[in-house]
Amino acid sequence: MTRKNFLIPNIIFDLGQCPIFDHVSNGVVITDQNSTILYTNPAFTRITGYSKQEAKGNNPGLLHSGKHDKKFYQDMWGQITKKGYWEGEIWNRRKSGEIYPEFLTISTVPQEKKKFYYVAIFSDISFLKEDSKKKLHLAFYDPLTKLPNRTLYLDRIKNIIEESKNNKKNKIAIFYMDLDKFKSVNDTYGHYVGDLLLHNIGKRLMSLVRAGDTIARIGGDEFTAILKIEDDTFSASDLAYRILENIEKPFIIEKHKIGISISIGYCFFPKDAKTIEELIKKADKAMYTAKKTGKKVVSYSSIK
């Protein structure tokens, strides 16, 4: 589809105003062919924080965020020169210093006597970015504990296994952990307290592993851990019993002193399993073996 150029009467700039653009919600900047700002609308001020007086006579570079390299702007202006317009997402900076995302369209508008203007129309898309970020977070994180959910947990296992294939020295330990008699907590204190307990258990588990390890909540009162083993100093058994000991320490939830225990099953990749499915199955089976043994137990599965 061919873009139609249009003329903007010079009287607009003589008056320093443009009634059409004064009432639109998008920011508008009009510059001469040397990129000197001639006009900005009220929405420009609302979005950027710069008044019309501060912007006029200046260069749009006052909005540069520093997030884009020289090539980005070269490509942008190359397209404007060649096609007469450019549109896309860009990061700019408000007067306050805050960097924000916007969707920007820049058009070349011919005038009489071989003159032309640049007309930039932009909208603040911060809310869209935030909405996308929230949706992404909900897709991969448990809203109750803020820990990775099953989807992200499986993705991380896959990535770590791929990394391990390239580095034969790296191993992985998978822990499956299930709280003992958690239902009685909900029955006694209510689901609100039960939810707070799960949140605090997640935090306590996180405090017991290393920064590069993963603790995830995969459903109900089940948690899992993905642990990288890069040297012989790591002991899965020692960590499992440390978790057992720390989870047994009472939690104070809404003035209630709540005691609970946990059962743990674990196995290793590639020692005990060669695929993700087999690894998860064995860790899960080890955890159920622990619960059947009498709860508050650590079980290691190396069963073929």
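Heads up: the structure comes first, above all this text.
A brief look at the structure comes next. Being a predicted model, the structure only gives us computed values, none of them experimental. Residue numbering note: each chain is counted from 1, following its sequence as written. Only residues with pLDDT of at least 70 are given local features in this predicted model, and only at 80 or more are side-chain atom pairs given and counted; all residues enter the totals for whole chains, interfaces and linings. The basis for every side-chain value is the complete set of heavy atoms in the structure, and neither hydrogens nor water enter the calculation.

## As for the overall build of the protein chain
In terms of helices and strands, the protein chain carries 11 helices and 12 strands. Each principal axis of the C-alpha atoms in the protein chain carries an extent, and together these give about 90 × 50 × 35 Å. Only protein chains enter the area calculation, which uses a 1.4 Å probe; residues under 20% of their type maximum are buried, those over 50% are exposed, and those in between are partly exposed. Within the protein chain, the proportion of its 304 residues that are buried is 44%. Contacts are assigned to residue pairs that have any heavy atoms within 4.5 Å of one another. Taking all contacts inside the protein chain whose residues are at least 6 apart in sequence as the whole, residues at least 24 apart take part in 56%. Taking the average location of the 49 positive side-chain charges in the protein chain and that of its 36 negative ones, the two points are 2 Å from each other. In this description a helix means any DSSP run of H or I spanning at least four residues, a strand means any run of E spanning at least two, and both kinds are numbered starting from the N terminus. Residues scored as positive are Lys and Arg, those scored as negative are Asp and Glu, and His as well as the terminal groups of each chain are ignored. Note on charges: their place is set at NZ of Lys, CZ of Arg, CG of Asp or CD of Glu.

## A few points about the sheet that holds strand 6 (residues 171–180)
Here we have 5 strands laid out as an open sheet, ordered 7-8-6-11-12, and mixed in their pairing. Lying at the two open borders of the sheet, with one neighbouring strand each, are strand 7 (214–219) and strand 12 (298–300). Taking the axes of each pair of neighbouring strands and ignoring which way they run, one obtains an average angle of 20° across the sheet. Here, any two strands with at least 2 DSSP bridges between them count as paired. In this structure, strand 6 lies alongside strand 11 (residues 261–269), joined through 9 bridges in antiparallel fashion. Paired with Ala173 across the two strands is Phe268, which belongs to strand 11. What counts as an axis is a line fitted to C-alpha atoms, over the stretch in contact for a helix, and the angles between N-to-C directions run from 0 to 180 degrees.

## Focus on unusual backbone geometry
Looking along the chain, the bond that leaves Phe269 and enters Pro270 is cis, with omega of 5°. As for its position among the elements, Pro270 is in the loop between strand 11 and helix 11 (276–293). Here the phi dihedral of Ser35 falls at roughly 65°; this positive angle occurs in a residue that is not glycine. For Ser35, the location among the structural elements is in the loop between strand 1 (27–31) and strand 2 (37–40).

## Observations regarding the packing of aromatic side chains
The aromatic pairing rule takes the rings of Phe, Tyr and Trp, using the six-membered ring of Trp, and pairs them if the centres are within 6.5 Å, calling planes under 30 degrees apart stacked, those over 60 edge-to-face and the rest tilted. In the structure shown here, the tally under the stated rule is 10 aromatic pairs. Judged by centre distance (5.7 Å) and plane angle (85°), the ring pair of Tyr266 and Phe268 falls under edge-to-face. Neither Tyr266 nor Phe268 differs from the other in exposure class; each is buried. Taken together, the ring pairs connect Phe175, Tyr266, Phe268 and Tyr300 into an aromatic cluster. Above the face of the Tyr100 ring, Arg94 is positioned so that its terminal group lies 4.1 Å from the ring centre. The criterion for a charge sitting over a ring is simple: Lys NZ or Arg CZ within 6 Å of the ring centre, and within 35 degrees of the ring normal.

## A short note on the pattern of salt bridges
Close approach of charged atoms allows side chains with opposite charge to pair. Put simply, a salt bridge is a Lys or Arg side-chain nitrogen that is within 4 Å of an Asp or Glu carboxyl oxygen. All chains considered together, the criterion is met by 13 salt bridges. With a closest N to O distance of 3.0 Å, Arg94 and Asp124 form a salt bridge. Of the two residues, Arg94 is situated in the loop between strand 3 (85–93) and strand 4 (99–110) and Asp124 in strand 5 (residues 116–124); the sequence distance between them amounts to 30 residues. Salt-bridge contacts for Glu248 lead to Lys296; the nearest nitrogen and oxygen are separated by 3.2 Å. Taken together, the residues Glu248 in the loop between helix 10 (236–247) and strand 9 (251–253) and Lys296 in the loop between helix 11 and strand 12 connect sequence positions 48 residues apart. A single network of salt bridges, built from pairs that share partners, joins Arg94, Glu98 and Asp124.

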